[in-house]
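Listed below, chain by chain, are the residues.
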Amino acid sequence: MSQIYARHGDIAVITLDNPPVNGMGQQLRTSIAEGLRAAQAEAGVRAVVITGAGNAFSGGADIREFNTPKALAEPTLRGLIDMVEQGSKPVIAAINGTCFGGGLELSLACHYRVARADAQLALPEVKLGLIPGAGGTQRLPRAVGLARAVDMITTGNPVKASELAGTELIDAVLTGDFMASAVSFARNAASAPLRRLRDMPVEPPAADFFANARAAVSKASRGLTAPLRCIDAIEAAATLPFDDGIRREREIFVELIESSESKALRHAFFAERAAAKIPDVPGETPARAIAKVAVVGAGTMGGGITMNFLSAGIPVTLLEAKQDALDRGVAAIRRNYDASMKRGKLTPGKLERAMGLLNPTLSFDDLRDADLVIEAVFEEMGVKEGVFRQLDAVAKPGAILATNTSTLDVDRIAGFTKRPADVVGLHFFSPANVMKLLEVVRGKATSKDVMATVMQLAKKIGKTAVVSGVCDGFIGNRMLERYQRQCFYLLEEGAAPQQVDRALEKFGMAMGLFRVGDLAGNDISWAVRKRRYAENPDVPYSKIADRLCELGRFGQKTGMGWYRYEPGKRDPIPDAEVGKIIADYRGEMGLEPRAIPDEEIVDRCVLALANEGARILEEGIALRASDIDTVYLAGYGFPRSRGGPMFHADTVGLANVVKRMGEFAKNPHGDPAFWEPAPLLARLAREGKTFS
Ligand SMILES: NC(=O)c1ccc[n+]([C@@H]2O[C@H](COP(=O)([O-])OP(=O)(O)OC[C@H]3O[C@@H](n4cnc5c(N)ncnc54)[C@H](O)[C@@H]3O)[C@@H](O)[C@H]2O)c1
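The paragraphs below set out a description of the structure included in this document.

## A short note on unusual backbone geometry
Now for step 1: Note that the residue after Pro19, namely Pro20, is joined by a cis bond; omega there is 5°.
Now for step 2: On the secondary structure map, Pro20 appears in the loop between strand S2 (11–16) and helix H1 (26–41).
Now for step 3: Omega for the peptide link from Ser430 to Pro431 comes to -10°, which places this bond in the cis form.
Now for step 4: Its place among the elements puts Pro431 in the loop between strand S16 (423–428) and strand S17 (437–441).
Now for step 5: A positive phi angle is found at Asn22, which is not glycine, with a value near 55°.
Now for step 6: The residue Asn22 is located in the loop between S2 and H1 in this model.
Now for step 7: Among the residues examined, Asn22 registers a relative accessible area of 2% and is labelled buried.
Now for step 8: One non-glycine residue, Arg222, adopts positive backbone phi at about 45°.

## Thoughts on the sheet that holds strand S8 (residues 120–122)
Now for step 1: In spatial order, the strands read S4-S6-S8-S9; together these 4 strands make up an open sheet with mixed pairing. Here the strands that pair on one side only, and so sit at the sheet edges, are strand S4 (56–58) and strand S9 (159–160).
Now for step 2: Sheet analysis places strand S6 (residues 98–100) next to S8, joined by 2 bridges and oriented parallel. The partner of Cys99 across the bridge, within S8, is Leu121.
Now for step 3: In the packing of helix H3 (residues 102–109) onto the sheet, contacts are made with S4, S6 and S8, and the angle to S6 comes to roughly 90°.

## Quick word on the packing of aromatic side chains
Now for step 1: What the rule picks out here adds up to 13 aromatic pairs.
Now for step 2: Where Tyr112 meets Phe185, the ring centres are 5.9 Å apart and the plane angle is 70°; that geometry is what we call edge-to-face. Of this pair, Tyr112 sits in strand S7 (residues 112–115) while Phe185 sits in helix H7 (residues 178–189), and the two are 73 residues apart along the sequence. Across the pair, Phe185 and Tyr112 agree in class, each one buried.
Now for step 3: For the ring pair Phe429 and Tyr636, a centre distance of 5.6 Å and an interplane angle of 75° mean the geometry is edge-to-face.

Definitions and limits used
Counting restarts for each chain: residues are numbered from 1 in the order of the written sequence. The predicted nature of this model means local features are confined to residues of pLDDT at least 70 and side-chain atom pairs, given and counted, to a pLDDT of 80 or more, with totals for whole chains, interfaces and linings taken over all residues. In computing side-chain values, all of the structure's heavy atoms are included and hydrogens and water are not. Elements are defined by DSSP. Helices are runs of H or I of four residues or more, strands are runs of E of two residues or more, and each kind is numbered from the N terminus. Relative accessibility thresholds used throughout: buried, under 20% of the residue-type maximum; exposed, over 50%; partly exposed, between the two (1.4 Å probe, protein chains only). The rule for pairing is simple: two strands pair if DSSP sees at least two bridges between them. Residue contacts are counted whenever heavy atoms from the two residues lie within 4.5 Å of one another. Here an angle of 0 to 180 degrees is reported between the N-to-C directions of two axes, which are lines fitted to C-alpha atoms, with helices fitted over the stretch in contact. Planes of paired rings set the category: under 30 degrees apart is stacked, over 60 is edge-to-face and the rest tilted, where pairs are Phe, Tyr or Trp rings (Trp by its six-membered ring) whose centres lie within 6.5 Å.

Shown next, in the form of structure tokens:
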């Protein structure tokens, strides 16, 4: 008999038990089927309760089985669902916590559902480019109505059980001893007739319901296929008999599982999980306790970095060089929290609790008890040196000393201390309280337990951490430099900034490069370029961007950059003045502008990323191709539905990538050295292999 089966008198209880979230792996499915058979066979059993061990009912399919034969092995989830629904004894889902995907589909096949008020219910398949494939699209509309079903299925977002009370989805919200209440609910249900959602009608939709739903969903989902296919399946629920609707759902599911969109989204999902693992730092590596954090520098980055820890309940000592800068930094933090509160994302109590954990100071002495110090001062080696020498003098033994530098050599910075093993790069992205990406820069001396500690801490503050080795720009900005160079060349050759941005945004980038520049401040990349010109005078660069900066066109903050801006507005307006600057520059260089197709713009920008990514991978700066993808998805607005630059190159085919790069190299203005394929890329293309 299965270990997950127990008797409470005349009620059988099946407890889904497969940590961490009771994923419906093959073994669990087998045990559930055994439990159901036993309950049917035992004459003394009048009803069955299915619930989950721990804090979850079930998180859905077991992701460890994804893309393996186990996922399809008998009993399948769909088979199990039929078994539950067709049984002659009532089955009650006792939803004790997270109930996602296949977990919710199983619940929908039960004859009754009870839940804890705070249990979260969701059908998140759309986030992987799929539709729910085990009856979810057919039963949910019968349970909660069409409008709510469209919302839940096309967004994949969770809804609390308390909000669903009063619908057919939740027959009762239980308080007190949850299991005792669920068993007593089952006892009452045992003498009531079986209620099957499949036998219930879907409310008749208004004539324009599906047209309106499609219009709203296509606007919100920016060209993705799966959300619209969800609506097709829900429409089948509203217009076809149940079994025909189930067949339609299956057809769509099978179609989507083969789509490049779903493959890319699934890749992105697994890439993020893989990034958390460092091969030579095993999961059991002891981590250092981080109870107190200090941040040095209360500017743009320091303030945002500080907020991450305050919001996670970790006290922060924030150090500045001067009182007025400190006051400005603290005021900016409060202003940001106030704005969140006005948007309803934060309660006044939480705001004050966060601010109460902040400890502003001008004295390095106050950093003595910090477990982690993050430096975010000016991007100049001399300034960093001063700070790290002082930190080395005051920080307690075992404190982790981190730098937020974007481009400087973390090993040199570590060398300013007598404890380089405790030094690491923590490269946050702006705005640091919002952006998910954190590049964890591992110096040559950084110790394994420091790596383990910061990877765990990243998770705690809600960041997606990716490990990078030391090089100029680390993974993300080193690749960005190549992308940026192509964007500037495109201007020289005939494109306008707005055309480049439009093409990149149509491809799916959250924002084109020139809009990003105006937002972040063109002066920041100008400063980096100046350093690079000095270090590598032979690298050819377009000087168009420098021309704009020389005119003070730094972007939104100066009201003009690649675009112009009306006071108080963020919408970029194409500017004839920029057109003239570019045309003059072309004239001076003797360049004849040509019409450039959007496809060429996108390919040049994206393949430039992938080629540099290949070098980064080969040099061991990135641990895996999928880490590079995660950097671009979490930090650079690369479209998730294309899986990241490396996955995109794999999808295009590496031989095709190399061929296309060869075409670009022949362009008289093409900078042939730029398009030299990275050795790894050339080899994989020759061997017909992929990065992944
Ligand atoms: N701005 C970005 O988009 C971004 C993104 C990632 C990383 N970074 C990196 O973060 C760091 C900080 O950048 P920022 O944009 O926040 O700069 P910033 O100019 O806004 O802030 C730097 C702050 O450091 C303070 N400071 C300078 N010297 C100090 C000292 N000795 N002791 C204490 N405080 C001192 C300054 O008063 C200033 O408030 C740089 O290394 C930068 O490369 C910036």
